Amino acid sequence: MNRRVKEALQIAAFSVSAVVFVMTACKRTATVAPNYAGAIDTYYAAHPLCVWPMPRQFPVQVAHSDEDKTRQYDALVDQGLLTRTSAEKKIIIVSKQMNNYDISEKGRSAWTADPSQPGYGNFCYGHRKVASIDSNTPTSDQPGATTTVNYHYTVSDVPDWAQAPETQMAFPAIQFALSGPKPTTALLTNTPQGWQLTKPGNSSTGNDSGVVQ
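Not measured: the values here are computed from a predicted model.

Rules and cut-offs
All residue numbers here refer to positions counted from 1 along the written sequence of the relevant chain. Side-chain atom pairs in this predicted model are given and counted only at pLDDT of 80 or more, local residue features only at pLDDT of at least 70, and totals for whole chains, interfaces and linings cover all residues. Note that the side-chain values use all heavy atoms of the structure and ignore hydrogens as well as water. For this text, the term disulfide refers to a pair of cysteine sulfurs within 2.5 Å. Under the DSSP-based scheme used, a helix requires at least four consecutive residues in state H or I and a strand at least two consecutive residues in state E, with every element numbered from the N terminus. Exposed residues in this analysis have more than 50% of their type's maximum accessible area, buried residues have under 20%, and partly exposed residues fall in between, with area computed by a 1.4 Å probe over protein chains only. Here the rule is simple: two strands pair whenever DSSP picks up at least two bridges between them. Between 30 and 60 degrees the pair is tilted, below 30 it is stacked and above 60 it is edge-to-face, where a pair is any two Phe, Tyr or Trp rings, Trp via its six-membered ring, whose centres lie within 6.5 Å. When the NZ atom of lysine or the CZ atom of arginine is within 6 Å of a ring's centre and also within 35 degrees of its normal, the charge is said to sit over that ring.

Asker: Any chance you could explain the state of the cysteines here in plain terms?
Answerer: Covalently bonding the sulfur atom of one cysteine to the sulfur atom of another cysteine gives a disulfide. With the rule as written, the count across this model stands at 1 disulfide. One disulfide in the model links C50 with C124; its S-S distance is 1.9 Å. Here C50 and C124 share a disulfide; its torsion about the S-S bond, 70 degrees, makes the bridge right-handed. Placement of the pair is C50 in strand β1 (residues 49–50) and C124 in strand β7 (residues 120–136), with a sequence separation of 74 residues. Taking the relative accessible area as the measure of exposure, C50 reaches 3% and is therefore buried. In this structure C124 comes out as buried when scored by relative accessible area, which is 13%.

If you want it as structure tokens, here you go:
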């Protein structure tokens, strides 16, 4: 083997070794970005957005004059989720016109029952889904470490009845949630199973009460 061939082989071997060294070093020093979005989406997959802040019981009777309640119930009647019948209720010697509302057959498929309160539940209309992670407070990869994540979310799995203009007029919170990406925060904690959402933040309305906790 002549000298030039030998030198060429030595240079090639050195180059291969250098590439292997660099790749190994990169593997040792590269860090995997925490899956904050996955942790938030996992939480909200089990905590849907619902029309009322607290579970309600049906059937329910509401006076015609109670416009705040009848407006919401009537919007759900229009979407086929509730039924409405009229009745008269006497209080001492005064008669009041009442509406009786109950869950319809269609409504039962959209109804989320509260397992802790028989007869109570809610109509839920979707799940928050991370649209972007904007920033987070400094943290570490140690178990128990926490970070506050600032992010934008959209709402997924929205049924047709929640998208109806009549529903959104009766429930402004639904209209707000579905009107585009919204900023909010979440407190995440590092656990042996990975990052988990431990404290949801408020949306820009300051009201997160429509989320089933």
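Read on for the rest.
Asker: Hey, could you run me through the pairing of strand β10 (residues 194–200) in this one?
Answerer: Note on strand geometry: in a regular strand, side chains alternate between the two faces of the sheet. With 6 bridges joining them, strand β9 (residues 182–191) and β10 adopt antiparallel strand pairing. Residue pairing in the sheet places T191 in a bridge with G194 of β10. Between β9 and β10, which pair antiparallel in sequence order, lie 2 residues.

Asker: Can you help me understand the packing of aromatic side chains in this one?
Answerer: Given two aromatic rings, their pairing is described by the distance between the two centres and the angle made by the two planes. If you walk through the whole model with that rule in mind, you get 11 aromatic pairs. Geometrically, the ring pair formed by W111 and F123 is edge-to-face, given 5.0 Å between the ring centres and 75 degrees between the ring planes. Placement of the pair is W111 in strand β6 (residues 111–113) and F123 in strand β7, with a sequence separation of 12 residues. Neither W111 nor F123 differs from the other in exposure class; each is buried. In this structure, R128 is placed above the aromatic ring of Y153, and the distance from its NZ or CZ to the ring centre is 4.1 Å. One residue, K182, lies across the ring of F176, its end atom 4.8 Å from the ring centre.

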